[in-house]
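# Structure assessment
So the chains spell out like this:
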Amino acid sequence: MNAKIGKTTRIAGLDLAVAWDESEQRHVYLDGADLVFTGNEIVHVGPGYAGPADTTIDGKGFMAMPGLVNVHSHPFSEPANKGLTEEFGSDKLGQSSLYEYLPVFGLNPEDAGPSTQVAMSELLKSGVTTISDLSVSREGWLDDLARTGIRAVVCPMMRQGVWYTKNGHAVEYRWDEKAGDVAFGTAMKTIDAAAKHPSGRLSGMVTPAQIDTCKEGFFKEAHQEARKRDIPMQTHACQAVVEFYEMVHRHGKTPIEWLDSIGVLGPDLIIGHGIFLSDHPQIHYPHAHDFEMLRDSGAAVAHCPTVFARRGMALNTIGRYMDAGIPVGIGTDTFPHNMVDEMRLACYLARVVTGNYKMGMTRHAFEAATIGGARLLRRPDLGRLMAGAKADFSLVDLSHPYMQPAHEPVRSLIYSASERAIRHVYVDGVQVVRDSKVLTIDVEAVTAGLIEGQRKRLETVSQRDWAGRTVDELAPPVYTTHNRLPQSRPVD
Ligand SMILES: [Zn+2]
């Protein structure tokens, strides 16, 4: 065994640890445990560590839990959609926000830095230690991520076509295969640079952006590149009613059938978001067997409940998929970047969609957010607390009022306390959140950058919208603003 490099830290006498039982392949609660790590690696989880330690921290009152693994997010743009996309979609395009809203809001590329840092600060505070960042390649991206202290899988999105609408009821595609090739080349360079990044915390994923913006050859080539590097591939598919019927229209096949027909539906593929299968209630297309095909393929699903719930859509369901053996991870996709909230919503939505509370149990969501995500990313050293795993974990304050009574602490965390009870977070053996404050990011400064970025972008919304609408016409405010109430009289 190699000598571990680095100092040894012992978190002694934790009230609880959510530890990984390797023989049973499941999380268990461990009472009165010590959590010990040397450098970036956990060396001991259990009672009575007797070895040497450079630093000992009192674990009394805390529960250690594995760092959460986020398999799908867009931090370069989503934070700037706050106040705009929470409750709007296109009435005539399956209620999606993809075609009319995201292209006109978004952010200018030069403002992606602050936006990403804001997202990372929220993620770290919610106990996320690994992020999959689906962004368009940009200068400085890798360093931006590394600086935050998070572990990151860069997923440079590349595509050959761009969708648009000229009337709000038909989606068209502007194809530019040359631009696709350029993006492909840049993406591969970015992925290779991530693997060599001096932080040691970055890796890459091949990401043909969407099923309907990339053609067969592009997908096949992307798949080959992923295999060559032994890394997964992710694409957006089954994410909109419009997309489902676009694929039927183009190929006479459902999105799942088409991915299968071109040979990429398999264990190398992660589908974000895998919602609109042929048997989804909002599709009801009884002429295919997408669920069974997906189940038998080994392909995985990145489940992001919030962004779809906003427009009345939900996966059918996390429990059904996982119980059938489909690998599922959880992502935030949109703002707020809070994985605990996503876990809670994943459970509740599954229960509402089916009228069956067993279709979204806490264990489904917690597993998807930890070992499930780690499996998707091919990282058996993440998402679990055990010797040999990376020292990526959170310390949950069991005494926090919102945790009390902490009779069943994972439930108290997910259903009541959320990120408020996450006090300390470590990534790669380094503390990145202390007393719920992010140590690696100047949150005030990057938030100011994000606000300015949103302000600049909103100035030109009308120029991008097909109907020339203003921001308030596209996303009417909840209340109109006045400087006085009609019934108020001047004060004498
Ligand atoms: Zn996405």
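Attention in this report is confined to the structure presented alongside it. All values derive from a computational prediction rather than experimental measurement. (Residues numbered from 1 in each chain as written. Predicted model: local features only at pLDDT ≥ 70, side-chain atom pairs only at ≥ 80, totals over all residues. Heavy atoms only, no water.)

## Re the sheet that holds strand E6 (residues 55-58)
Pairing is mixed in the open sheet, where four strands are placed in the order E5-E4-E1-E6. With partners counted over all chains shown, the strands left at the sheet margins are strand E5 (41-46) and E6, one partner each. Sheet twist, expressed as the mean angle between neighbouring strand axes with direction ignored, is 15 degrees. Relative to strand E4 (residues 34-38), strand E1 (residues 8-12) runs antiparallel, the two being bridged by four bridges. In the sheet register, Thr-8 faces E4, and the bridge partner there is Thr-38. (Pairing = 2+ DSSP bridges. Helix = DSSP H or I, 4+ residues; strand = E, 2+ residues; numbered from the N terminus. Axes fitted to C-alpha atoms, helices over the stretch in contact; angles between N-to-C directions.)

## Quick notes on the environment of Ser-394
With respect to the element layout, Ser-394 can be found in strand E19 (residues 393-397). A residue is classified by how much of its surface remains accessible, and Ser-394, at 0% relative accessible area, is buried. As a C-alpha pair, Ser-394 and Lys-166 span 228 residues in sequence and 48 Å in three-dimensional space. If we skip the residues at most four places from it in the chain, Ser-394 touches Met-63, Ala-64, Met-65, Gly-127, Ile-422, His-424 and Val-425. (Buried < 20%, exposed > 50% of the residue type's maximum accessible area, 1.4 Å probe, protein only. Contact = heavy atoms within 4.5 Å.)

## A few points about the coordination of the zinc ion
Here the zinc ion is held by His-72 (NE2), His-74 (NE2), His-236 (NE2) and Asp-333 (OD), and the distances to it run 2.0 to 2.7 Å. For the zinc ion, the four donor atoms are set out with angles of 85 to 152 degrees between them, so the coordination reads as irregular. Coordination of the zinc ion draws on donor residues from a single chain, spaced H-x1-H-x161-H-x96-D in sequence. With His-236 in strand E15 (residues 233-237) and Asp-333 in the loop between strand E18 (328-330) and helix H10 (339-354), the pair connects residues that are 97 residues apart, well separated along the chain. Taking the relative accessible area as the measure of exposure, His-236 reaches 4% and is therefore buried. (Donors = N, O, S within 2.8 Å, 3.2 Å for Na, K, Ca; no water. Tetrahedral: all angles 85-135°; square planar, octahedral: opposite > 155°, others 65-115°.)

## As for helix H1 (residues 112-125)
Across its 14 residues, H1 extends 20 Å between first and last C-alpha, which sits within 8% of the 20 Å expected from 1.5 Å per residue. Of all the 14 residues making up H1, 11 are buried; the element is thus mostly covered by neighbouring parts of the structure. Following H1 by one or two positions, Gly-127 adopts a phi angle in the positive range, close to 85 degrees. (Expected span 1.5 Å × (residues − 1).)

## Quick word on empty space enclosed by the protein
For the structure on display, the rule yields one cavity of 30 Å³ or more. The space that makes up the largest cavity amounts to roughly 40 Å³. Around the largest cavity, the lining residues are Thr-130, Arg-151, Ala-152, Val-153, Arg-201, Leu-202, Ser-203, Leu-377, Arg-379 and Leu-382. Those elements that provide at least two residues to the lining of the largest cavity are strand E10 (151-158) and strand E13 (202-204). Broken down by element, the residue count for the lining of the largest cavity peaks at three residues, all from E10. (1 Å grid on protein atoms, 1.4 Å probe; cavity = no way out; pocket = protein on both sides within 12 Å on 5 of 7 lines; lining within 4 Å. Points joined across faces, edges and corners; volume = space filled by probe spheres on them.)

## Comments concerning the nonpolar core
If you look at the biggest cluster of nonpolar residues, it comprises 98 residues, and the most contacted ones within it are Val-206, Leu-259, Leu-294, Ile-318, Tyr-321, Ile-330 and Met-343. For Ile-318, the contacting residues outside a window of four places in its chain are His-303, Val-328, Ile-330, Ala-346, Ala-350, Met-359, Gly-360, His-364, Ala-365 and Ala-368. Counting 17 residues, the second-largest nonpolar core is a separate cluster that includes Ile-11, Ala-33, Val-45 and Tyr-426. (Core = buried A, V, L, I, M, F, W, Y, C linked by side-chain atoms within 4.5 Å.)

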